[in-house]
Amino acid sequence: MPAFKELVFSGVQPTGNLHLGNYLGAIKRFVTMQAQYDCLYCVVDLHAITVWQDPAELTRQIREVTAAFLAAGIDPARSVVFNQSQVPQHAELAWIFNCVARLGWLNRMTQFKEKAGKDRENASVGLYDYPVLMAADILAYRATHVPVGEDQKQHLELTRDIAQKFNNDFAGAIAEQGHGEAFFPTTEPLIGGPAARVMSLRDGTKKMSKSDPSDYSRINLTDDADGIAQKVRKAKTDAEPLPSETAGLEKRPEADNLVGIFAALNDVSREDVLRDYGGAQFSAFKGALVDLAVAKLGPIGAEMQRLVADPGHIDAVLANGAARAEAIAAPNIAAVKDIVGFARRR
Ligand code: AQP
């Protein structure tokens, strides 16, 4: 496999209620990656409309996710921050990938099954095709690394399958046109840390999610200190004190979740947390978790509020990011069109 320039790409949907799972599983990690990689961070609005979105609300949410990126510490001068619909190459490459991906591959995607539920016939074609667009998002930049939560693992595997099939199907043209053995990299998913899958505060076996009808299931990035405190105090737990070893968290999903959240917020491991809190009752541990969560999330929420009050600034950040993103994607997609054999406008 030829060496590809290391590049990070990831995205977040502007579908409301950005929560602690989105923050710890994705956005917080986006911030740290900036020190090591060139990064593109995208507000994936084309993905958002795979389920109905009120237009005015969608515009607001695009700005709010952008504000969350900036408030969390993504530097738009260093990283490319943009919204997907401003860069036409995403949709263009998705069409080409629709003709590479196989129906059988998409039929295996568990997220579609979960999101479409029993009313499958009524789901949009876009919801079914979501993982192909995600492959296009990543590969339009030939990104090598993608930080995501664990729920996206299967989609990342599909991205690798699409890249590999494209490289195989067009191996002759790829080599003839001077791209060597492979045009697309085999993207590495970066999934990990104590909060790769943050669970609902009401049910430790369910993922914390924007669409959970209970607001008590999640901590939103915009919750104030009282809201955070109430939700943590009401979080479901069991009757035992915390164990001293991580093995003692097995079969205790709620305890495991709260310890994982504490560890991720404090940049330590579950082992470190249990060294300090092993034997503690939940009432004491929850008190410490409230203090930590308020200290870490409070400033982000406040900065988000400040930023969304100035939509002109956010729109300017997105416009600048889109121009920089397109400058990377456009030559890649032009090369893809040559590889596929489309006649160019000359
Ligand atoms: N619970 C989670 N724990 C860890 N990471 C998570 N992510 C989402 N939920 C968790 C990660 O956040 C990033 C952005 O997610 P998204 O906005 O693209 O959409 P999603 O995964 O569909 O988010 P939700 O909350 O689960 O929305 P709904 O309720 O609509 O299904 C991704 O990197 C994701 O892995």
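None of these values were measured; they are calculated from a predicted model.

Peer 1: How do you make sense of the pattern of salt bridges when you look at a structure like this?
Peer 2: Once the charged atoms of two side chains with opposite charge are near each other, the side chains can pair. A full pass over the atoms with the stated rule returns 20 salt bridges. Asp-267 is paired through a salt bridge with Lys-28; the nearest N and O atoms lie 2.5 Å apart. With a gap of 239 residues between them, Asp-267 in the loop between helix H11 (253-265) and helix H12 (270-277) and Lys-28 in helix H1 (residues 20-33) connect regions that are remote in the sequence. For Asp-267, a relative accessible area of 58% puts it in the exposed group. Judged by its relative accessible area of 18%, Lys-28 is buried. One salt-bridge network, held together by shared partners, links Asp-215, Arg-218, Asp-223 and Lys-231.

Peer 1: Even after reading the chapter, I still don't get the packing of helix H3 (residues 55-72) against helix H13 (residues 282-308), so can you show me in this structure?
Peer 2: Describing two packed helices takes the angle between their axes plus the distance from one axis to the other. Their axes nearest at 8 Å, the elements H3 and H13 cross at an angle of 130 degrees. Compared by their axis directions, H3 and H13 come out oblique. Relative to H13, H3 is oriented so that their crossing is right-handed. Of the residues in H13, those in contact with Arg-63, Glu-64, Ala-67, Ala-68, Leu-70, Ala-71 and Ala-72 of H3 are Ile-300, Glu-303, Met-304, Leu-307 and Val-308.

Peer 1: Just checking my understanding: could you explain the site of the ligand for this structure?
Peer 2: Around the ligand lies a shell of 22 residues, among which Asp-151, Lys-207, Ser-209, Lys-210 and Ser-211 are the nearest. In this structure, an oxygen atom belonging to the ligand sits 2.7 Å away from a side-chain N or O atom of His-19. Separating an oxygen atom of the ligand from a side-chain N or O atom of Lys-210 is a distance of 2.4 Å. Contact with the protein chains covers 95% of the free accessible surface of the ligand, which is 650 Å². Of all the elements in the fold, those that place two or more residues in the shell around the ligand are strand S1 (7-12) and H1. When residues in the shell around the ligand are grouped by element, the largest group, 4 residues, is from H1.

Peer 1: Just to check I follow, could you spell out the packing of H11 against H13 for this structure?
Peer 2: One way to put it is that H11 packs onto H13 with a least axis distance of 10 Å and a crossing angle of 35 degrees. Along this stretch, H11 crosses H13, giving a crossing that reads as left-handed. Between H11 and H13, the residues in contact are Ala-255, Leu-258, Val-259, Ile-261, Phe-262 and Leu-265 and Phe-282, Phe-285, Lys-286, Ala-288, Leu-289, Leu-292, Ala-293, Lys-296 and Leu-297, respectively. Partitioning the contact of H11 with H13 into residue classes produces 13 nonpolar, no polar and 2 charged.

Definitions and cut-offs
- Residues numbered from 1 in each chain as written.
- Predicted model: local features only at pLDDT ≥ 70, side-chain atom pairs only at ≥ 80, totals over all residues.
- Heavy atoms only, no water.
- Salt bridge = Lys/Arg side-chain N within 4 Å of Asp/Glu carboxyl O.
- Helix = DSSP H or I, 4+ residues; strand = E, 2+ residues; numbered from the N terminus.
- Buried < 20%, exposed > 50% of the residue type's maximum accessible area, 1.4 Å probe, protein only.
- Axes fitted to C-alpha atoms, helices over the stretch in contact; angles between N-to-C directions.
- Parallel < 35°, antiparallel > 145°, perpendicular 65-115°, else oblique.
- Left-handed = near helix turned anticlockwise from the far one by under 90°.
- Contact = heavy atoms within 4.5 Å.
- Near = heavy atom within 4 Å.
- Polar contact = N/O pair within 3.5 Å; in protein donor to acceptor, adjacent residues only side chain to side chain.
- Areas by Shrake-Rupley, 256 points an atom, 1.4 Å probe, with all protein chains shown as cover.
- Nonpolar A, V, L, I, M, F, W, Y, C, P; charged D, E, K, R; others polar.

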